[in-house]
Amino acid sequence: MKQAVRTAWVFGFLLLFLASCTPPAQPPSAPTGFTATNTASGISLSWNAVPGATGYTLQRKTASAAYADLPGAANLSGTTYTDTGLSPSTTYTYRIAAKNAAGSSPYVESAPVVTPAALQTPNPPNNFRSTAVSSSSVSLAWDPPSPNTATGYTLERKTGSGAYAQIATPTGSPYTDTGLSPSTAYTYRLKAVNAAGSSNGVTVDINTGVAAPGAPGGFSASVVTGTSTVVTLTWTPPSAGGPVQSYTLERSTDGGSSYLTLSTGLPASATTYADLSANALAAPRSALYRLTAVGAGGPGAPVTASAGGIPGLCNPAGPDIPTAATTGCFGAPFQWPLVATFGGLQPDGTFLAWYSTDPSGSGVFKNYLDYNQHKSSYAVVWNPAKGRTIDFDPNNGTPAGARPGSAFARVDNNRTDLFCAGQVIGPDGRFYVAGGNLGNFGDWYPGGWQTNIYDWRTQSWSAGPNMKGDPQYPYTPQAPGTSSVYPNAALYNLTSLDPNGQLTLNGGYNVGGRWYPSVITLSSGKLLINGGLGYFGNPYQNDGVTSWYTGVGNSGGDGLPKTKTPPYGDNVIPEVWDTTTNTLTQLTGARMDTLFSYDHYYPWMFQDPYNPNQAFMAGGETTAGYLNVTGTGYWTDVMSNALAYRHYGSAAMYQPGKILLVGGGGLPNDTPPKPSRKDATVLTLSPGNTVSVQPTANDMIAGRTHTDATLLPNGQVWVNGGNTDGANWSTANAVYTSEMWDPTTLAFTPMATATQPRIYHATATLMQDGTVLTVGGGGDGTTGCGATDAHGVPTAGLTCGINQFNAEIYYPPYLFKPDGSLAPRPTLLSLTSPSGTDGYGHPRVRAGDSLTLTTDRPAGNIARVTFLKLGSTTHAFNMGQNFNELTISSPSGNTLRVSAPGNYNVAPPGYYFLFVLDADGVPSVAQIVQMSR
């Protein structure tokens, strides 16, 4: 017995001892495989089971807020959970920990998840139409809204002027309505519906007693490649049948087995249509078009026309390029008749361009001050609607020299060498040009004193007023012929050019040359001329030290005053050009040499959006400030040394009061040139002359000098060309890859890569179809580069040394679907303004006008309307472009209203593009309108 007791005691002791040696319980390890996924009912969370865990703690946060326990999810036992009742368009992040009696594991965090946007009512259906009408029935068809968020449709009908009554809730197209009365007018209204509600209605009228229209006549298709390839379709109205209400146009790429609807909203008055999406067709790149006249009696008999040999945009002979949807693309380079250094788009859609006295600049550097060597300019007008053929008489510098079929015509100026002039398209659509070139002496390029005007309506030039010189430095010439060095110098023979003595002042000649001036349009409709090199003082100022241009020295052989004091050879007095009286007024109270540092190489001037009497100078020097143009003018709120030096960079006012400054390099005489800048800056102007300065979100992919910054219809800024070393006459370090800058994110994104260098003397200009023309570059006058054949085509071909006798068209991403094929574009069918027209087919718009627009889309599918001034570009600065967003109101059917800009500060008088953009951001071809006071 004692032994048994002893044994039991020992056994119990051993149990207690072993129990005391058991390790304490541990918290579980962290869960693995934790995911968060959007589902129809909420965000679904899942994770892998953790051994030893008795439960899980789940927490949630939004954006930068702190984590908090999910209600009801503090003690989960399973491995899944669905979080419901979430806010739309919100970022949620989750974390989870496993737990047991001993504690909790570390938290594991999910990737952020963004909930879908709140469901919106759908856009209206597209292309609602009747496809057949009889005495007792009508067949109706439509396309889904874009984007298609509809779950069904409601169809209503009314008789005559009665009330609508719902007759069906179809789930899709088509639908046939039967039991109608003969000889009766009906209107059908269709709405798209989903859980959020219904869209606006779209309507179609029919009449069971009216005959369908007959077939259109003379239907034909022609292919023309200008900025892009356009298949132009033309026809005549039906000669029989009932009245036409509209036309339906379709396109087939399989010989007629199936058709894509291009438009159902073409008005009864239409007799032409431009198919801009034909470039996207796959090989063999041919199309069959079908046109049907539609009336109250239904559709008539269709007619067809075919087009073949349609080139692609990005790849003329091959398939689409998928990356075009994200980077855009460049078309193949094509021949140009000159190095297009100066240019801009005119109200008739043509492009005016010039360089100097010849196509490549061989005469640019001839004979300092010899006017006989600098009294003409070789200029051309390109009409993209006619294609790309160059065929004109090289010995005839007038439009009459253009042969049939030529897309280019010569429009030479016969009084001024317009090399290094400044230019802008004025309020009346004419090209206003200030200054020019009188050759060079060493490194000094004196500017011409003349102004010139090109009229797009008559294709001819006329003289503007002569610019004035500095009253503090009047020029007294030597007697004609007394200079043994330059006996034909223009300044010695001004009497023959000025028989009325308009240039004289205090016994001297008050003429003020400008070489590299800027010209902009003010809110008044007058033009501001500022900057440029004159020829009454030779030195220049480099970092505050007066220096002489090479070869000038102190010699007086040209009869010009030699001072080492301001104005250092610059024309320092701004002038205002009244285009209605064709007169100039000097702003003698706004001398530029009163500033510490200023840039006379095409200064970046902009109309102040907050003060009608002010312009703002944004660089490219380190100084910025406001120029008041009232009276004799004055500068105010000047910011000295506030900005980076951006010589030959670019600037664009991308929204009223917001200016993007990009690239640029060192001083023009730096040897070796300073590297180009790759950074960019945003200036924001505010009322009261305050200016904020901030960097962009990132730098460009490379430094760029001689670059262009072009405003696009969607408000983004496209930057192209330039070089990384700041050199003028070189392609060695050219930048071929372009970039897009987004004003919302302030970030640059690389875009497509060009095949040709766009360097010094290149330009980029937005065209009417939303593409960008990039052209020119070089122009060093290399011997032989300017030669042409009997048709005016440069014999050197596309390039000659650094000289670029070619153009490339950039096609932005907004023109493409995600797969790289061309997106269908909305068509602006009409624009009605209470201010009438300009007399040349362009609507006239005044500040605050309410404009009525009709498109080929339901109004609900038009997301934006934008307003951009026609551009005129040279030397990396577009002096004309301007951007405004217009407010949309009163959408109904295919019609909507927009308000014109409310004042001329944000939209100075002149000609503008008006684009409509659909819900996918695809722009129409623009309507060109005149903004008039």
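Residues numbered from 1 in each chain as written. Predicted model: local features only at pLDDT ≥ 70, side-chain atom pairs only at ≥ 80, totals over all residues. Heavy atoms only, no water.

Going by an unreviewed UniProt entry, the protein chain carries the name Chitinase A1 and comes from Meiothermus granaticius NBRC 107808.

Student: Report on the overall build of the protein chain, specifying residues and quantitative values.
Tutor: In terms of helices and strands, the protein chain carries 3 helices and 70 strands. For the protein chain, restricting intrachain contacts to residue pairs at least 6 apart in sequence, the fraction spanning at least 24 positions comes to 64%. Counting every atom, the protein chain has about 34,600 Å² of accessible surface; 52% of that belongs to carbon and sulfur. (Helix = DSSP H or I, 4+ residues; strand = E, 2+ residues; numbered from the N terminus. Contact = heavy atoms within 4.5 Å. Areas by Shrake-Rupley, 256 points an atom, 1.4 Å probe, with all protein chains shown as cover.)

Student: Hey, could you go over the pairing of strand E18 (residues 217-225) for me, with residue numbers and the actual values?
Tutor: Here E18 pairs with strand E19 (residues 229-236) via 7 bridges, running antiparallel. When the bridges of E19 are listed, Ser220 appears paired with Thr234. The antiparallel hairpin formed by E18 and E19 contains 3 residues in its connecting segment. (Pairing = 2+ DSSP bridges.)

Student: Provide a residue-level description of the state of the cysteines, including the pertinent values.
Tutor: Evaluated as defined, the whole model comprises 2 disulfides. Across a sulfur-sulfur distance of 1.9 Å, Cys314 and Cys329 are joined as a disulfide pair. Residues Cys314 and Cys329 are joined through a disulfide that is left-handed, its torsion about the S-S bond being -70 degrees. With Cys314 in the loop between strand E25 (303-307) and helix H2 (324-327) and Cys329 in strand E26 (residues 329-330), this pair connects stretches of sequence that are 15 residues apart. For the pair Cys314 and Cys329, one class covers both residues: buried. Indicated for the protein chain is the disulfide connectivity 1-2, 3-4, based on numbering the bonded cysteines in sequence order. (Disulfide = S-S within 2.5 Å. Buried < 20%, exposed > 50% of the residue type's maximum accessible area, 1.4 Å probe, protein only.)

Student: Can you explain the sheet that holds strand E11 (residues 138-143)? Please cite residues and give values.
Tutor: Sheet architecture is open: 3 strands sit in the order E10-E11-E14, paired in antiparallel fashion. In this open sheet, the two edge strands, each paired with only one partner strand, are strand E10 (126-133) and strand E14 (175-177). Neighbouring strand axes in the sheet, compared pairwise and without regard to direction, differ in orientation by 25 degrees on average. By the bridge criterion, 3 bridges tie E11 to E14 in an arrangement that is antiparallel. Of the residues in E14, the one forming a bridge with Val138 is Asp177. (Axes fitted to C-alpha atoms, helices over the stretch in contact; angles between N-to-C directions.)

Student: Break down unusual backbone geometry for me, citing the residues and quoting the values.
Tutor: Going from Ser173 to Pro174, the amide bond is cis rather than trans, its omega being 0 degrees. Along the chain, Pro174 falls in the loop between strand E13 (165-168) and E14. In this chain, Gly619 is followed by Gly620 through a cis amide linkage whose omega measures 0 degrees. Inspection of the secondary structure puts Gly620 in the loop between strand E45 (614-617) and strand E46 (624-628). The phi torsion at Gln459 lies on the positive side, around 50 degrees, for a residue other than glycine. Summarising the element assignment, Gln459 is placed in the loop between strand E34 (451-455) and strand E35 (460-463). Its relative accessible area of 34% is what places Gln459 among the partly exposed residues.

Student: Before we move on, could you go through the nonpolar core and cite the residues and values that matter?
Tutor: In terms of nonpolar packing, the biggest core is built from 104 residues, with Trp336, Trp354, Trp382, Ile659, Leu773, Phe816 and Phe913 touching the most fellow members. Formed by 21 residues, the second largest nonpolar core is a distinct cluster that contains Val865, Phe867, Val906 and Leu914. (Core = buried A, V, L, I, M, F, W, Y, C linked by side-chain atoms within 4.5 Å.)

Student: Quick one: what's the story with the packing of aromatic side chains, residue by residue and with numbers?
Tutor: By the definition in use, this model includes 35 aromatic pairs. Taking 5.2 Å as the distance between ring centres and 50 degrees as the angle between the ring planes, the aromatic pair formed by Phe330 and Tyr810 counts as tilted. Of this pair, Phe330 sits in strand E26 while Tyr810 is found in strand E60 (residues 806-811), placing the two residues 480 residues apart along the sequence. Its relative accessible area of 10% is what places Phe330 among the buried residues. Note on Tyr810: relative accessible area 0%, which makes it buried. Taken together, a centroid distance of 4.9 Å and an interplanar angle of 75 degrees make the contact between Tyr654 and Trp741 edge-to-face. (Phe/Tyr/Trp six-rings, centres within 6.5 Å; stacked < 30°, edge-to-face > 60°.)

Student: Residue-level account of the sheet that holds strand E47 (residues 634-639), with values.
Tutor: Sheet strands line up and pair through hydrogen bonds in the backbone, either parallel or antiparallel. Across the sheet, 4 strands lie side by side as E44-E45-E46-E47; this open sheet has antiparallel pairing. Of all strands in the sheet, those bounded by a partner on one side alone are strand E44 (605-607) and E47. Direction aside, the axes of adjacent strands within the sheet are offset by 25 degrees on average. As paired strands, E46 and E47 are joined by 4 bridges and run antiparallel to one another. Bridge pairing in E47 places Ala624 opposite Met639.

Student: So what's going on with empty space enclosed by the protein? Residues and values would help.
Tutor: Under the definition given, this model contains 10 cavities of 30 Å³ or more. Volume-wise, the largest cavity comes out at about 160 Å³. Lining the largest cavity are 15 residues, with Gln607, Met879, Gly880, Gln881 and Asn882 sitting closest to its centre. Contributions of two or more residues to the lining of the largest cavity are made by strand E38 (518-521), E44 and strand E66 (877-878). Residue contributions to the lining of the largest cavity peak at 3 residues, all from E44. A class-by-class count of the residues in the lining of the largest cavity yields 7 nonpolar, 7 polar and 1 charged. (1 Å grid on protein atoms, 1.4 Å probe; cavity = no way out; pocket = protein on both sides within 12 Å on 5 of 7 lines; lining within 4 Å. Points joined across faces, edges and corners; volume = space filled by probe spheres on them. Nonpolar A, V, L, I, M, F, W, Y, C, P; charged D, E, K, R; others polar.)

Student: I'd like a description of the pattern of salt bridges, backed by residues and values.
Tutor: Applying the stated criterion to the full structure yields 16 salt bridges. The partner of Asp275 in a salt bridge is Arg251, with the nearest N and O atoms 2.8 Å apart. One end of the pair, Asp275, is in strand E22 (residues 272-275); the other, Arg251, is in strand E20 (residues 246-252), and 24 residues separate them in sequence. Judged on exposure class, the residue Asp275 and its partner Arg251 are both buried. Residues joined by salt bridges that share partners form a network here, namely Arg646, Arg677 and Asp679. (Salt bridge = Lys/Arg side-chain N within 4 Å of Asp/Glu carboxyl O.)

Student: I'd love a proper account of the pairing of strand E32 (residues 422-425), names of residues and values included.
Tutor: Neither face of E32 is left uncovered, since the one carrying Gly422 and Val424 and the one carrying Gln423 and Ile425 both have all their residues buried. Summarising the sheet, E32 and strand E33 (residues 431-434) pair through 4 bridges and their orientation is antiparallel. Each bridged residue has a counterpart across the sheet, and for Gln423 the counterpart in E33 is Val433. Linking E32 back to E33 in an antiparallel pair, the connection comprises 5 residues, with Gly429 at a positive phi of about 90 degrees.

Student: Explain the environment of Asp391 to me, and be specific about the residues and the numbers.
Tutor: Within the element layout of this structure, Asp391 appears in the loop between strand E30 (379-382) and strand E31 (408-410). Judged by relative accessible area, Asp391 falls into the buried class, the value being 15%. With residues up to four places along the chain from it excluded, the contact list for Asp391 reads Gly401, Ala402, Arg403, Ser406 and His791. A distance of 2.8 Å separates a polar atom in the side chain of Asp391 from a polar atom in the side chain of His791. (Polar contact = N/O pair within 3.5 Å; in protein donor to acceptor, adjacent residues only side chain to side chain.)

Student: Quick one: what's the story with the environment of Thr39, residue by residue and with numbers?
Tutor: Along the polypeptide, Thr39 turns up in strand E1 (residues 35-39). Considered as a pair, Thr39 and Asp83 are 44 residues apart in the sequence and their alpha carbons are 9.9 Å apart.

Student: Kindly report on the confidence of the model for the protein chain, identifying the contributing residues and their values.
Tutor: Mean pLDDT for the protein chain: 86, with 86% of residues reaching 70 or above. Counted against residues more than four places away or in other chains, residues 476-509, with its pLDDT under 50, gives 61 contacts. (pLDDT = per-residue confidence, 0-100.)

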